[in-house]
Amino acid sequence: MSEHQQDATSVDLCIACGEGEQRTCRAEYRVDHNGQTRLIEDERSVCDHCGQISYVGDQISRHELAVAAAIREIDGLLSADELRAFRTRYCLKQTDLEAMLSTGPKTWTRWERGKVPQSKTADKLVRLLAANPGVVRKLMSEAKVSNPEAEAAVSKAESEMLTAAVAEAEKALGDRSANEFQNIFGQGFKAGSEVRILERVA
Ligand SMILES: [Zn+2]
């Protein structure tokens, strides 16, 4: 035993047999979830004496992240990166979203770290928020979230959506002459005037 302990200063001895060394190897790992299967590439440690498979150090964390990512993919949920991208786009803090979605403390944090997938209900709500900055503002207000940066980001997102909608409408109207626009909008039409009106309404 003392020999092994001396040897163990530089290598991890197998906890199962106490004889072999754990070698790092990559292998496919099968994730079965809701009747579907995904194969993920796993980094793990295999004993060169007895063949015992184990996950050591940050292999554990990477394995858990990869399994959770596969489950998210099977369930069609937003990835942890997509959740983070949504949150940072609106300059929201993790605690802001926990208040807005009435989840427990640290819930959003865990979702964003990736090891715990969000529920399908939460996923739907986040998609709705991502597409509707006005709903973000409403939930911020209801949860009494005070975050001036987020409020500015929400206004900017609304303005960008409006600009995109106007561009879309212009595209739909096609390449028309000034005379045609005057016929459509009346004699008072000046280029760009309808864009400014829409921005005031926003
Ligand atoms: Zn072993």
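Values in this document were obtained by computation on a predicted structure and should not be read as measured data.

A.B. asks: Can you break down the overall build of the protein chain residue by residue, with the values?
C.D. replies: If you tally the helices and strands in the protein chain, you get ten helices and three strands. The order of helices and strands in the protein chain, counted from the N terminus, is α-β-β-β-α-α-α-α-α-α-α-α-α. Counting across all 202 residues of the protein chain, residues that qualify as buried make up 14%. Sequence separation of at least 24 residues holds for 59% of the intrachain contacts in the protein chain that already meet a minimum separation of 6.

A.B. asks: So, the sheet that holds strand E2 (residues 36-47): which residues are in play, and what are the values?
C.D. replies: Each strand in a sheet pairs with its neighbour through backbone hydrogen bonds, running either in the same direction (parallel) or in the opposite one (antiparallel). Reading across from one edge, E1-E2-E3 is the order of the three strands in this open sheet, with antiparallel pairing throughout. What marks the edges here is a single partner per strand, and that holds for strand E1 (22-33) and strand E3 (53-54). By the bridge criterion, two bridges tie E2 to E3 in an arrangement that is antiparallel. Directly across from Val46, in E3, lies its bridge partner Ile53.

A.B. asks: Quick one: what's the story with the pairing of E1, residue by residue and with numbers?
C.D. replies: Taking burial as the measure, the twelve residues of E1 include one buried ones, a minor fraction of the element. Two strands pair when backbone bridges link them, and E1 and E2 are joined in this way by twelve bridges, in the antiparallel orientation. When the bridges of E2 are listed, Ala27 appears paired with Asp42. Hairpin connection from E1 to E2: two residues lie between these consecutive antiparallel strands, with Asn34 at a positive phi of about 50°.

A.B. asks: Which residues make up unusual backbone geometry, and what values go with them?
C.D. replies: Although it is not a glycine, Asn34 sits at a positive phi angle of roughly 50°. Relative to the helices and strands, Asn34 resides in the loop between E1 and E2.

A.B. asks: Pulling in residues and values, what's your account of the nonpolar core?
C.D. replies: Residues Leu83 and Val136 are the most contacted members of the largest nonpolar core, which totals 16 residues. At the level of elements, helix H3 (80-89), helix H4 (94-100), helix H5 (107-113), helix H6 (120-131) and helix H7 (133-142) are the ones that each hand at least two residues to this core. If sequence neighbours within four positions are ignored, Val136 has contacts with Tyr90, Leu129 and Val154.

A.B. asks: Quick one: what's the story with helix H8 (residues 148-173), residue by residue and with numbers?
C.D. replies: Side chains of residues three or four places apart in an α-helix project in the same direction, reflecting 3.6 residues per turn. Its 26 residues give H8 an end-to-end C-alpha distance of 37 Å, which sits within 8% of 38 Å, the value for a rise of 1.5 Å per residue. Where H8 ends, the next residue or the one after it, Gly174, has phi of about 80°, a positive value.

A.B. asks: How would you summarise H3 if you had to cite specific residues and measurements?
C.D. replies: Every buried residue of H3 is listed here: Ala80, Leu83 and Arg87. The buried residues of H3 occupy one face: seen down the axis, they fall within an arc of 60°. For H3, the exposed residues set more than 90 degrees away from the buried face come down to Asp81, Ala85 and Thr88. Considering only its buried residues, H3 is in contact with H4, H5 and H6. Downstream of H3 by a residue or two, Cys91 has a phi angle that is positive, lying close to 55°.

A.B. asks: Report on the environment of Lys115, specifying residues and quantitative values.
C.D. replies: Within the element layout of this structure, Lys115 appears in the loop between H5 and H6. Of the residues examined, Lys115 has 13 C-beta atoms within 10 Å and is grouped as partly exposed. Separated by 35 residues in sequence, Lys115 and Ala80 have C-alpha atoms that sit 8.7 Å apart. Once residues within four sequence positions are removed from consideration, Lys115 is found in contact with Glu64, Leu65, Ala68 and Arg110.

A.B. asks: So, the environment of Cys50: which residues are in play, and what are the values?
C.D. replies: Residue position: Cys50 is located in the loop between E2 and E3. Note on Cys50: 12 C-beta atoms within 10 Å, which makes it exposed. Residues Cys50 and Cys14, spaced 36 residues apart in sequence, show a C-alpha to C-alpha distance of 8.4 Å. Cys50 has contacts with Cys14, Ala16, Cys17 and Gly20, leaving out every residue within four places of it along the chain.

A.B. asks: Give a detailed account of the packing of H7 against H8, specifying residues and quantitative values.
C.D. replies: Two elements in contact, H7 and H8, have axes separated by 9 Å at closest approach and are oriented at 155°. The angle between H7 and H8 places the two elements in the roughly antiparallel class. Between H7 and H8 lies a crossing of left-handed hand. Listed contacts from H8 to Pro133, Gly134, Val136, Arg137 and Met140 of H7 are Ala150, Val154, Ala157 and Glu158.

Each value, and the rule that gives it
- Residues numbered from 1 in each chain as written.
- Predicted model: local features only at pLDDT ≥ 70, side-chain atom pairs only at ≥ 80, totals over all residues.
- Helix = DSSP H or I, 4+ residues; strand = E, 2+ residues; numbered from the N terminus.
- Buried ≥ 20, exposed ≤ 12 C-beta atoms within 10 Å, placed from the backbone.
- Contact = placed C-beta atoms within 7 Å.
- Pairing = 2+ DSSP bridges.
- Core = buried A, V, L, I, M, F, W, Y, C linked by C-beta atoms within 7 Å.
- Expected span 1.5 Å × (residues − 1).
- Arc of directions from axis to C-beta.
- Axes fitted to C-alpha atoms, helices over the stretch in contact; angles between N-to-C directions.
- Parallel < 35°, antiparallel > 145°, perpendicular 65-115°, else oblique.
- Left-handed = near helix turned anticlockwise from the far one by under 90°.

In short, geometric facts, not functional conclusions.
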